[in-house]
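# Understanding the architecture of this molecule
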Amino acid sequence: MNKNSEHCNSRDWRGKPYNFFGDYLLDTHHVRMLKLPINAGLSCPNRDGPIGAHGCIFCDAGGSASPTTEGITGIAAQMENARRSFRRSDVATRYIAYFQAFTNTYASIETLKRLYDTALASPDIIGLMIGTRPDCLPDDVLDLVASYNREGFELWLEIGMQTMHNESLRFLRRGHTHQSTRSAVLRASERGICVCAHIILGIPHEEWRDMMATAMELSSLPVHGVKLHHLHVVRNTQLEHMYQSGGVRLLGFREYVSTVCDFIERLRPDILIHRLLGDRPKDTLVAPKWAMHKGTVLKAIEDEFRRRGTCQGFLYTPPE
Ligand code: SF4
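Residues numbered from 1 in each chain as written. Predicted model: local features only at pLDDT ≥ 70, side-chain atom pairs only at ≥ 80, totals over all residues. Heavy atoms only, no water.

### Details of the packing of aromatic side chains
Counting across every chain of the model gives seven aromatic pairs. Taking 5.3 Å as the distance between ring centres and 80° as the angle between the ring planes, the aromatic pair formed by F21 and W156 counts as edge-to-face. In this pair, F21 sits in helix α2 (residues 21–29) while W156 sits in strand β4 (residues 154–162), placing the two residues 135 residues apart along the sequence. Neither F21 nor W156 differs from the other in exposure class; each is buried. An angle of 80° between the planes, with centres 6.0 Å apart, marks the rings of Y116 and Y148 as edge-to-face. Of this pair, Y116 sits in helix α4 (residues 109–119) while Y148 sits in the loop between α5 (139–146) and β4; the two residues are 32 residues apart in sequence, bridging distant segments of the chain. Each member of the pair, Y116 as well as Y148, is classed as buried. Here the aromatic cluster, defined as three or more aromatic residues joined through ring pairs, consists of F21, Y24 and W156. Across the ring face of Y98, the terminal group of K35 is positioned such that the distance to the ring centre comes to 4.8 Å. Seen from the ring of Y95, R83 lies directly overhead, with NZ or CZ sitting 5.4 Å from the centre. (Phe/Tyr/Trp six-rings, centres within 6.5 Å; stacked < 30°, edge-to-face > 60°. Helix = DSSP H or I, 4+ residues; strand = E, 2+ residues; numbered from the N terminus. Buried < 20%, exposed > 50% of the residue type's maximum accessible area, 1.4 Å probe, protein only. Lys NZ or Arg CZ within 6 Å of the ring centre and 35° of its normal.)

Right, dumping it as structure tokens:
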């Protein structure tokens, strides 16, 4: 048995070849934990002017809002709607308030505090997850976020890193650089805030080695989690226009499965995997259609790890 096989055999990830966030929550809190998506009605500086007017090429007018928040005004009502759809009388459940749509640190400190406090008002909420851009995290906002940290509470910032390559960030029309991400992650980590980095695999013009370089860069940063997404085309986006005119190639099903395994093999073993695949409602997804079969994709990823005999961190080398 070589050193790397021992690494995989010695892991206790409930039989999974990667360190899954859902299992971590169950092991830590001993109850079913779910996220309640929130659309707080904020905007994004890449849409309303300071950085750009048209947004990232893959983002639609809804700013990645969850269908459970559609047409519902008010944070408490949106959370209750999601809670109702998840409720099971036989299983104890706690929730994480998940500020998902648009940029959830893009407002005054007073406004942000009011929004976060509203979401945390109910005793069954034992976590706060805030989705945002790396260039919207000045020190005073990070101080506010850090003030919610306490024992037994899940405090997460979900930062849209996407890739470590500035050329790709320009292609995606993100309006920030990787240096912004590094700065935000380091300053969040100094304050004890867990960071989940959002990554896109399959950005046009990125080669396999570019994606692997992103995995290694991620492993060198003090991040605690990662959300992997394939590049998908959503209706009414700039990316749809580019795709329909033949200018964009997307990863195929097998290619994605293999790339995800390659990526995770290079990740630090303690990084929690929040997600392995993007998710869109059927009626807004243009391509790729294979992603609609989420269970099949997840199983194929696990099967591929087993076929290789590898796991998360198999090819990770800690710094000297
Ligand atoms: S930063 Fe987020 S909300 Fe803003 S345009 Fe990009 S994906 Fe959409």
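### Some words on helix α8 (residues 208–220)
For α8, spanning 13 residues, the distance from its first C-alpha to its last is 19 Å, which sits close to the expected 18 Å at 1.5 Å a residue. Every buried residue of α8 is accounted for by D210, M211, M212, T214, A215, E217, L218 and S219. Looking at the buried positions of α8, the neighbouring elements they touch are β4, α7 (178–190), β5 (194–201), β6 (225–230) and α10 (253–265). (Expected span 1.5 Å × (residues − 1). Contact = heavy atoms within 4.5 Å.)

### Considering the sheet that holds β6
Strand pairing within a sheet occurs via backbone hydrogen bonds; the two strands may be parallel or antiparallel. Here seven strands make up an open sheet; going across it, the order is β1-β2-β3-β4-β5-β6-β8 and the pairing parallel. A strand with exactly one partner marks an edge of an open sheet, and here the two such strands are β1 (32–38) and β8 (272–275). Each neighbouring strand pair of the sheet contributes to a mean axis angle of 25°, computed without reference to strand direction. The sheet contact formed by β1 and strand β2 (residues 93–99) spans seven bridges and is parallel. Residue pairing in the sheet places L36 in a bridge with A97 of β2. Sheet strands in contact with α7 are β4 and β5, and its direction is about 165° off that of β4. Together, β4, β5 and β6 form the strand contacts of α8, whose direction differs from that of β5 by roughly 175°. (Pairing = 2+ DSSP bridges. Axes fitted to C-alpha atoms, helices over the stretch in contact; angles between N-to-C directions.)

### Some points on the packing of α10 against helix α11 (residues 294–308)
In a pair of packed helices, the angle between the axes and the distance between the axes together describe the arrangement. Running from amino to carboxyl end, α10 crosses α11 at an angle of 55°, the nearest separation of the two axes being 9 Å. Comparing the axis directions of α10 and α11 gives the class oblique. Once α10 is placed against α11, the crossing between them reads as right-handed. On the side of α10, the interface is formed by F253, R254, Y256, V257, S258, V260, C261, D262, I264 and E265, while α11 contributes T296, V297, A300, I301, E304, F305 and R308. Within the contact of α10 with α11, the residues separate by chemical class into 10 nonpolar, two polar and five charged. (Parallel < 35°, antiparallel > 145°, perpendicular 65-115°, else oblique. Left-handed = near helix turned anticlockwise from the far one by under 90°. Nonpolar A, V, L, I, M, F, W, Y, C, P; charged D, E, K, R; others polar.)

### A few points about the state of the cysteines
This model, assessed by the stated rule, comprises one disulfide. Through a disulfide, C8 is tied to C311; the S-S separation comes to 2.2 Å. Classification of the bridge connecting C8 and C311 rests on its S-S torsion, roughly -90°, and on that basis the disulfide is left-handed. On the criterion of sequence distance, the pair formed by C8 in helix α1 (residues 3–9) and C311 in the segment after α11 is long-range, its members being 303 residues apart. Each member of the pair, C8 as well as C311, is classed as buried. (Disulfide = S-S within 2.5 Å.)

### Regarding the pattern of salt bridges
Tallied over the entire structure, the rule returns 22 salt bridges. The closest approach of N and O atoms between E265 and R308, which form a salt bridge, is 3.1 Å. Taken together, the residues E265 in helix α10 and R308 in helix α11 connect sequence positions 43 residues apart. A residue is classified by how much of its surface remains accessible, and E265, at 5% relative accessible area, is buried. The residue E304 makes a salt bridge to R307 at a minimum N-O spacing of 2.9 Å. With E304 and R307 both in helix α11, this residue pair falls three residues apart, about one helical turn. Residues participating in the shared-partner salt-bridge network are D262, E265, E304, R307 and R308. (Salt bridge = Lys/Arg side-chain N within 4 Å of Asp/Glu carboxyl O.)

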